Amino acid sequence: MAFPATRMRRLRRTGVLRGLTRETELTPAHLIQPLFVTAGSGVAEDVASMPGMQRLSIAELVAEAGRVRGAGVDSVLLFGIPAAKDEMGSGAFDDEGIVQMAIRALKEADPELTVIADTCMCEYTSHGHCGWLREDGEVDNDLSLELIAKTALSQAAAGADAVAPSDMMDGRIAAIRGQLDGDGFADTPIISYSAKYASAFYGPFRDAADSTPSRGDRRGYQMDPANVVEAIRESRIDLDEGADMLMVKPALPYLDVVHRVKQATGAPLAAYHVSGEYSMLKAAAEAGWLDERAAVLEALTSIRRAGADAIITYYAKDAAEWLS
Ligand code: PBG
């Protein structure tokens, strides 16, 4: 039916009509707040390249998680910055490590908070790579699997509600699943960073987590930004190995990947609106070039529209406040 019988504007005329016909919902229930926990006490250190984000020691982290929950966001994704690093990244799987202690403190303060642990070695290794670095500069896949599976187990044992491996080694989901199942954690879900790209948008995070590789880069294990069919293959492999939820990361420059992974697999899917995406919006907002609230809610709605069920975003707390 053509104009004038069809007038698309009729249903745009009032907020109520727009609400009745809106296709995509964005609510605080869709959001996950990343938080950085650091060793020490009384620490609340600003991350220079991520205005509004801080590295927090455990008591301050617990207080911030309370504010996140108060805003209506019930899940956090936890990253640890240990006091010391070594070749093997042993702080990652130390039962008294920073993330393990933080998980216990968060769950003790608020058992209803869903705590997701990022499972990776890069914040804990002296070289900053996501696994075992060989003499020749390559990250050894199969040796890394053991360390990563041990890390996931110690996080689950500390009380993590889910583990989220972000290392991109082959076989890690099967290794983690086997380790968890063997040690009594068959019910702990794995949220796999299944399509994680070697992206320039992680720069601010690496400042925050102090995890820039001291030599080389991550292109030997993270995906080439030019590829999308490969993302579907990665996703299927992770599902076959036992992933409960998939992830695409970053989000906005990869909305086609979000869409295609969702279409191809139908599996629960998260998208990670990463540090660089956050910092771009912050910088433009601080300069007065963008209306921060409107731009953020539009960006997050777009990620949902593309097919993501959940969104990991540094804006989670603010967005939840704006939405309510
Ligand atoms: C660790 C990890 C990274 C991010 C999440 N987990 C960094 C990286 O791969 O270098 C990036 C998150 C962000 O930029 O917000 N492997």
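Rules behind the numbers
- Residues numbered from 1 in each chain as written.
- Predicted model: local features only at pLDDT ≥ 70, side-chain atom pairs only at ≥ 80, totals over all residues.
- Heavy atoms only, no water.
- Helix = DSSP H or I, 4+ residues; strand = E, 2+ residues; numbered from the N terminus.
- Rg over C-alpha atoms; globule rule 2.2 N^0.38 Å.
- Buried < 20%, exposed > 50% of the residue type's maximum accessible area, 1.4 Å probe, protein only.
- Contact = heavy atoms within 4.5 Å.
- Areas by Shrake-Rupley, 256 points an atom, 1.4 Å probe, with all protein chains shown as cover.
- Lys, Arg positive; Asp, Glu negative; His and termini not counted.
- Charge placed at Lys NZ, Arg CZ, Asp CG, Glu CD.
- Expected span 1.5 Å × (residues − 1).
- Phe/Tyr/Trp six-rings, centres within 6.5 Å; stacked < 30°, edge-to-face > 60°.
- Lys NZ or Arg CZ within 6 Å of the ring centre and 35° of its normal.
- Near = heavy atom within 4 Å.
- Polar contact = N/O pair within 3.5 Å; in protein donor to acceptor, adjacent residues only side chain to side chain.
- Nonpolar A, V, L, I, M, F, W, Y, C, P; charged D, E, K, R; others polar.
- pLDDT = per-residue confidence, 0-100.
- Core = buried A, V, L, I, M, F, W, Y, C linked by side-chain atoms within 4.5 Å.
- Axes fitted to C-alpha atoms, helices over the stretch in contact; angles between N-to-C directions.
- Parallel < 35°, antiparallel > 145°, perpendicular 65-115°, else oblique.
- Left-handed = near helix turned anticlockwise from the far one by under 90°.

A. Summary view of the overall build of the protein chain. Counting its secondary structure elements, the protein chain contains 11 helices and 12 strands. Relative to a compact globule of 324 residues, whose C-alpha radius of gyration would be 20 Å, the protein chain shows 20 Å and is just as compact. Among the 324 residues that make up the protein chain, the fraction classed as buried is 53%. Counting contacts in the protein chain only where the partners sit at least 6 residues apart, residues at least 24 apart contribute 74% of the total. Accessible surface, the protein chain as shown: approximately 14400 Å² in total, 50% of it carbon and sulfur. Of the side chains in the protein chain, 32 bear a positive and 48 a negative charge, and the two mean positions are spaced by 11 Å.

B. Examining helix H9 (residues 275–286) more closely. Between the first and last C-alpha of H9 there are 16 Å, a value that for 12 residues agrees with the 16 Å anticipated at 1.5 Å per step. H9 sits mainly inside the fold: 9 of its 12 residues count as buried. Buried residues along H9 sit against helix H6 (203–209), strand E11 (269–273), helix H10 (292–306) and helix H11 (316–323). Once H9 finishes, glycine 288 follows within two positions and takes phi at roughly 80 degrees, a positive value.

C. The environment of isoleucine 232, seen in detail. Note on placement: isoleucine 232 falls in helix H7 (residues 229–241). In sequence terms isoleucine 232 and lysine 262 are 30 residues apart; their C-alpha atoms lie 9.0 Å from each other.

D. Summary view of the packing of aromatic side chains. One pass over the structure, following the stated rule, counts 10 aromatic pairs. When the ring of phenylalanine 36 is compared with that of phenylalanine 205, the centres are 5.6 Å apart and the planes differ by 55 degrees; the resulting orientation is tilted. Of the two residues, phenylalanine 36 sits in strand E1 (residues 31–38) while phenylalanine 205 sits in helix H6, which places them 169 residues apart along the sequence. Ring geometry for tyrosine 272 against tyrosine 314: centres 6.1 Å apart, planes inclined by 45 degrees, an arrangement best described as tilted. Of this pair, tyrosine 272 sits in strand E11 while tyrosine 314 sits in the loop between strand E12 (310–313) and H11, and the two are 42 residues apart along the sequence. Both residues of the pair, tyrosine 272 and tyrosine 314, count as buried. By the ring-pair criterion, three or more aromatic residues cluster together here, those being Phe36, Phe79, Tyr193, Phe205, Tyr272, Tyr278, Tyr314, Tyr315 and Trp322. Above the ring of tyrosine 202, the side-chain terminus of lysine 249 is found at 4.5 Å from the ring centroid.

E. Expanded view of the site of the ligand. The immediate surroundings of the ligand are formed by 19 residues, with Lys196, Arg206, Lys249, Ser275 and Tyr314 found nearest. At 2.8 Å from an oxygen atom of the ligand is found a side-chain nitrogen or oxygen belonging to glutamine 222. At 2.7 Å from an oxygen atom of the ligand is found a side-chain nitrogen or oxygen belonging to serine 275. About the coverage of the ligand: the protein hides 100% of its 400 Å² of free accessible area. By residue class, the composition of the shell around the ligand is 10 nonpolar, 3 polar and 6 charged.

F. Seen up close, the confidence of the model for the protein chain. Looking at the protein chain as a whole, its pLDDT mean stands at 97, while 100% of the residues score no less than 70. Mean pLDDT in the protein chain bottoms out at H6, which sits at 91, and peaks at E12, which reaches 99.

G. Geometry of the nonpolar core. Ranked by size, the top nonpolar core spans 102 residues in total, and within it Phe36, Leu77, Leu78 and Tyr272 carry the most contacts. Ranked by the residues each element gives to this core, the list is headed by helix H4 (residues 141–158), at 7 residues. The residues contacting phenylalanine 36, other than those within four sequence positions of it, are Met50, Met53, Gln54, Arg55, Leu56, Leu61, Phe79, Ile81, Phe205, Ala208, Ala209 and Tyr314.

H. Up close: the packing of H10 against H11. The geometry of H10 relative to H11 is characterised by a closest axis approach of 10 Å and an angle of 100 degrees between their N-to-C directions. Taken together, H10 and H11 sit at an angle that is classed as roughly perpendicular. For the pair H10 and H11, contact is made by Glu292, Arg293, Val296, Leu297 and Leu300 and by Ala319, Trp322 and Leu323, respectively. The class makeup of the residues in the contact of H10 with H11 is 6 nonpolar, no polar and 2 charged.

I. A look at the packing of helix H2 (residues 58–70) against helix H3 (residues 98–109). With their axes 10 Å apart at the nearest point, H2 and H3 run at an angle of 45 degrees to one another. In this view, H2 runs oblique relative to H3, as classed from their interaxial angle. The hand of the H2/H3 crossing is right-handed. Contacts between H2 and H3 involve Ile58, Leu61, Val62 and Ala65 from the former and Ile98, Met101, Ala102, Ala105, Leu106 and Ala109 from the latter. For the contact of H2 with H3, the per-class residue count stands at 10 nonpolar, no polar and no charged.

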